[in-house]
Amino acid sequence: MTQRKPASATKSPEPAYAELQVSSNFSFLRGASHAEELVLTAATKGLHAIAITDRNTLAGVVRGHTAHGNYADRLHYIVGCRLDPMDGPSMLCYPTDRAAYARLCRLLTLGKRRAPKGSCEIYVADIIDHKEGLLFIVIPPQVPDEAFRNSLPDLKRHFADQLWLSVGRFMDGFDSERLAFTEEVEANLGIPAVVTNDVHMHLRSRKPLQDVLTCIRHHCRIEDAGYRLFPNGERHI
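Keep in mind that this is a model prediction, so the values were computed, not measured.

Caption draft 1: Inspection of a nonpolar patch on the surface at higher detail. There is a patch of nonpolar side chains on the surface, built from Leu209, Val212, Ile216 and Ile222 and spanning about 320 Å² of accessible area. The topology assignment puts Leu209 in helix H8 (residues 207-218). Residue Leu209 is classed as partly exposed on the basis of its relative accessible area of 38%.

Below, the structure written as structure tokens:
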């Protein structure tokens, strides 16, 4: 008689998941949670890793790294940021070593020196000049358009195997379009896809605060904000 294996012996382990696109409150008037809250929540929920990727700044990284010290045995911490070039799509950027981190810092300093306080003026050419040792995930618009599609071949040529394409499931009515576009890019351009959740809060309950921050950024009232607001509370850990 064949003995049946217990369920615990046959169950496949759950895949490790890393949040690679996370905005803290250092993404001014965008992120609705502190880096410490984001790291704590990632550790509590059993995530494999988290990357704090604030816009054009590494300011949130230190706070997150300090909080991570309490959970280093179960959560990997990835240093990164989001780059918003003036002439191309946004890209998540992760240094792979100390020298690459220094190059990223120089790139951000260059952009901030060009711009008024609180802003950052960088260009795709600047990123190319500082790309050694950096990994990139290019971020599509909510609905990938022709301009974004046309930018990808040049990015692939310049960044080669340092480049990935972000895809997210936000339950906003455009998930199928994003997935179809991603499959097309993988097949035709060879840019591999990686899932990101574009986190802006550690818990869903911060959605009202995130809405208020959005309205302040756009100088409008809640009732007039319309599509400027996220349509649901899915942008959490």
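Caption draft 2: Here's a closer look at the pairing of strand S5 (residues 91-95). Judged by how many residues are buried, S5 sits mostly within the fold: five of five residues are covered. By the alternation rule, side chains of S5 split into Met91, Cys93 and Pro95 and Leu92 and Tyr94, which are all buried. Relative to strand S6 (residues 134-138), S5 runs antiparallel, the two being bridged by five bridges. Residue pairing for S6: Leu92 is matched across the bridge by Ile137.

Caption draft 3: Region of the structure containing the pattern of salt bridges. All told, the structure shown has 15 salt bridges when counted by the stated rule. Arg114 is paired through a salt bridge with Asp126; the nearest N and O atoms lie 2.6 Å apart. In this pair, Arg114 is assigned in helix H4 (residues 98-114) and Asp126 in helix H5 (residues 124-129), connecting sequence segments twelve residues apart. A residue is classified by how much of its surface remains accessible, and Arg114, at 36% relative accessible area, is partly exposed. On the basis of relative accessibility, which here comes to 9%, the residue Asp126 falls in the buried class. Between Arg157 and Asp154 there is a salt bridge, and its shortest N-O distance comes to 3.0 Å. Of this pair, Arg157 and Asp154 both sit in helix H6 (residues 146-159), three residues apart, which is roughly one turn of that helix.

Caption draft 4: Quick look at the sheet that holds strand S8 (residues 193-195). Read from one edge of the open sheet, five strands run S4-S5-S6-S7-S8, paired in mixed fashion. The two strands at the open ends of the sheet, each matched to only one other strand, are strand S4 (81-83) and S8. Averaged over all pairs of adjacent strands, the angle between their axes in this sheet comes to 35 degrees, without regard to strand direction. Pairing of S6 with strand S7 (residues 163-167), which is carried by three bridges, proceeds in the parallel orientation.

Caption draft 5: Quick look at the layout of surface pockets. The computed volume of the largest pocket comes to approximately 780 Å³. Lining the largest pocket are 32 residues, with Arg55, Gln142, Asp198, Phe230 and Arg235 positioned closest to its centre. Of all the secondary structure elements, the ones that give two or more residues to the lining of the largest pocket are S7 and H8. When residues in the lining of the largest pocket are grouped by element, the largest group, four residues, is from H8. Counted by class, the lining of the largest pocket contains eleven nonpolar, eleven polar and ten charged residues. The computed volume of the second largest pocket comes to approximately 350 Å³.

Caption draft 6: Structural detail: the side chain of Asp172. Secondary-structure assignment places Asp172 in the loop between S7 and helix H7 (175-189). In terms of polar contacts, Asp172 uses its side chain to reach the backbone amide nitrogen of Phe174, at 3.0 Å. If near-sequence neighbours (up to four positions away) are discounted, Asp172 is found in contact with Gln142, Arg178, Pro231 and Asn232.

So, how was this worked out
Residues numbered from 1 in each chain as written. Predicted model: local features only at pLDDT ≥ 70, side-chain atom pairs only at ≥ 80, totals over all residues. Heavy atoms only, no water. Patch = residues over 30% accessible without salt bridge, like charges linked within 9 Å, V, L, I, M, F, W, Y side chains within 5 Å. Areas by Shrake-Rupley, 256 points an atom, 1.4 Å probe, with all protein chains shown as cover. Salt bridge = Lys/Arg side-chain N within 4 Å of Asp/Glu carboxyl O. Helix = DSSP H or I, 4+ residues; strand = E, 2+ residues; numbered from the N terminus. Buried < 20%, exposed > 50% of the residue type's maximum accessible area, 1.4 Å probe, protein only. Pairing = 2+ DSSP bridges. Axes fitted to C-alpha atoms, helices over the stretch in contact; angles between N-to-C directions. 1 Å grid on protein atoms, 1.4 Å probe; cavity = no way out; pocket = protein on both sides within 12 Å on 5 of 7 lines; lining within 4 Å. Points joined across faces, edges and corners; volume = space filled by probe spheres on them. Nonpolar A, V, L, I, M, F, W, Y, C, P; charged D, E, K, R; others polar. Polar contact = N/O pair within 3.5 Å; in protein donor to acceptor, adjacent residues only side chain to side chain. Contact = heavy atoms within 4.5 Å.

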